[in-house]
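Listed here are the chains, written in short residue letters.
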Amino acid sequence: MTSTVPTAVHDEQVQQNEPPITMFGPDFPFAYDDYLTHPAGLGQIPATEHGAEVAVIGGGLSGIVAAYELMKMGLKPVVYEADQIGGRLRTVGFDGCTEGQDAGLTAEMGAMRFPPSSTAFQHYIDLVGLETKPFPNPLAPCTPSTVVDLKGESHYAETVDDLPQVYRDVAAAWAACLEEGADFSDMNRAMRERDVPRIREIWAKLVEKLDNQTFYGFLCESEAFKSFRHREIFGQVGFGTGGWDTDFPNSILEILRVVYTEADDHHRGIVGGSQQLPLRLWEREPEKIVHWPQGTSLSSLHDGAPRPAVTRLHRTAGNRITVTDAAGDIRTYRAAIFTAQSWMLLSKIECDDALLPIDHWTAVERTHYMESSKLFVPVDRPFWLDKDASGRDVMSMTLTDRMTRGTYLLDDGPDKPAVICLSYTWCDDSLKWLPLSANERLEVMLKSLGEIYPGVDIRKHIIGNPVTISWENEPYFMGAFKANLPGHYRYQRRLFTHFMQDRLPEGKRGIFLAGDDISWTAGWAEGAVQTALNAVWGVMHQFGGATDPTNPGPGDVYDEIAPVELPED
């Protein structure tokens, strides 16, 4: 259920022409969007370093952004990718459809919806000429109807006002909880105005107060959520994109980052699929490029394909980073950026202990990943827009406590084939699907949805084979994204600030951690972009480069906006 908190505030402030919310903080309030669009660029390196190789391990969004920007500076990124370019920006087609019948239908196995507050991410969408459109979240303006099905009782709604009063009571309780426990209005105003001192003042108090608190504990401490029934409904139906009970054990700081930045509201999808973004960046020939001739792209620097999976990382003489890949090739670099899931350093890749400081190894080991699964089917048309005898849609975007949890209906018009995301689940709900094949999952889902929509024959509309994923079972991911547990703030701070390597012992420098799990906003593409830009600044700094004085980078202003540091004792 879309919360009345961010939506109401957003609508009022749009009317007043106030600045929009962006992912500007709260932990590190740096304007990555302004940094990217400044005419001076991200910085320069000495001409004597032009053409120097830098390893970029991982070809997801963070790795491709880092490689693209390093190439523009005149360095030579060498990208390693174990699977396919895109990482969790993974768009797939369907098998089994009659030729031409699928009309280019795709399914987003990973990221599928992006908030407008992701302004650095949006920079690259615009750069490669991709289009976005509203995503049909529950009760979103673009969603024709939503059905909330709890404890065997279904409620049909086109707006939140169509739901029983208890749901509005729950939304009001969440608004009160945020206001009383997390200074929501004050932080919202400070982030809109990019008031760095105020953001830091509010957040420092909350980090100290709430680092040890779970999401569920935060709710329980609020007078507004004294009712177990309200907490239960909130967990099942939630806010923004649906139920969040799978997040209840996580740190409340993770949730506050989402609601402060409106990361869970006003979502848009990328027309044609999100994987186009890293693929287009891979092929893009920058207009402004140093050292390399016009027409150079990441693809041309790699003869069309990245290097294969990395199997070993170790330090060698002169504090170099030596990389061994799955083809047996061994190359040594002065700098490397690691953008894959950090757990890969514990399992798939053989690493020296000397690669990272021991406190950083501890932070990697303590990283907590959430499981996630999806299943999609192609259908002949958006039959859900048909009307029943009462004039309602025969099927709706569905939130339920049944096995499917979230069902999304995706179409490009009434006369075209369409796609149903039959189920989108997290954590324990995702693990329930893990032993089942795609077809076994399909049967359970159709049974659950048949209980909600007894008069609708979904099966007769399916025109191809289902596609499914469980990210916890993907060998190069082992989970969907990081979600800190209570007490993990210190660990996250170590990982995020790793790009500031002047603070590290000399023998621990040269490899830079990046990727959304290193960011404060894991699970959002914005975090992947922001940490990529941090790592680019770190590499530039290591090679003796600098930013233009009119466009300081994240490392240049670090001391002024550094994340809150909690005591270790």
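Quick look at the structure, then.

Basis of the calculations
Residues numbered from 1 in each chain as written. Predicted model: local features only at pLDDT ≥ 70, side-chain atom pairs only at ≥ 80, totals over all residues. Heavy atoms only, no water. Pairing = 2+ DSSP bridges. Helix = DSSP H or I, 4+ residues; strand = E, 2+ residues; numbered from the N terminus. Axes fitted to C-alpha atoms, helices over the stretch in contact; angles between N-to-C directions. Contact = heavy atoms within 4.5 Å. Phe/Tyr/Trp six-rings, centres within 6.5 Å; stacked < 30°, edge-to-face > 60°. Buried < 20%, exposed > 50% of the residue type's maximum accessible area, 1.4 Å probe, protein only.

## What about the sheet that holds strand β12 (residues 336-338)?
Next, step 1: Read across the sheet, four strands follow the order β2-β1-β12-β21 without closing on themselves; strand pairing throughout is parallel. Two strands bound the open sheet, and with one partner strand each, they are β2 (76-80) and β21 (511-513). Ignoring strand direction, the axes of neighbouring strands in this sheet form an average angle of 20°.
Next, step 2: Here helix α17 (residues 525-542) sits on the sheet and contacts β1 (53-57), β12 and β21; the angle it forms with β21, its principal contact strand, is near 160°.

## Here we look at the side chain of Ser448
Next, step 1: Here Ser448 is to be found in helix α15 (residues 438-452).
Next, step 2: Dropping the residues within four chain positions of it, Ser448 is found in contact with Arg402, Met403 and Thr404.

## Things to note about the packing of aromatic side chains
Next, step 1: Summed over the entire model, instances satisfying the criterion amount to 29 aromatic pairs.
Next, step 2: Ring centres 6.0 Å apart and planes at 90° place the aromatic pair Phe215 and Phe234 in the edge-to-face group. With Phe215 in helix α8 (residues 215-220) and Phe234 in helix α9 (residues 228-237), this pair connects stretches of sequence that are 19 residues apart. The two residues Phe215 and Phe234 agree in class, both being buried.
Next, step 3: Measuring from ring centre to ring centre gives 6.2 Å for Phe496 and Phe499, while their planes differ by 85°; the resulting arrangement is edge-to-face.
Next, step 4: Residue class for Phe499 comes out buried when judged on its relative accessible area of 2%.

## Details of unusual backbone geometry
Next, step 1: Of the consecutive residues Gly25 and Pro26, the connecting peptide bond is found in the cis state with omega at 10°.
Next, step 2: By the secondary structure assignment, Pro26 is in the loop between α1 (4-15) and α2 (32-37).
Next, step 3: The backbone of Arg194 shows a phi angle near 50°, a positive value even though the residue is not glycine.
Next, step 4: At Glu262, a residue that is not glycine, the phi angle is positive and equals roughly 55°.
Next, step 5: Tracing the backbone through its elements, the reader meets Glu262 in the loop between α10 (252-260) and β8 (268-270).

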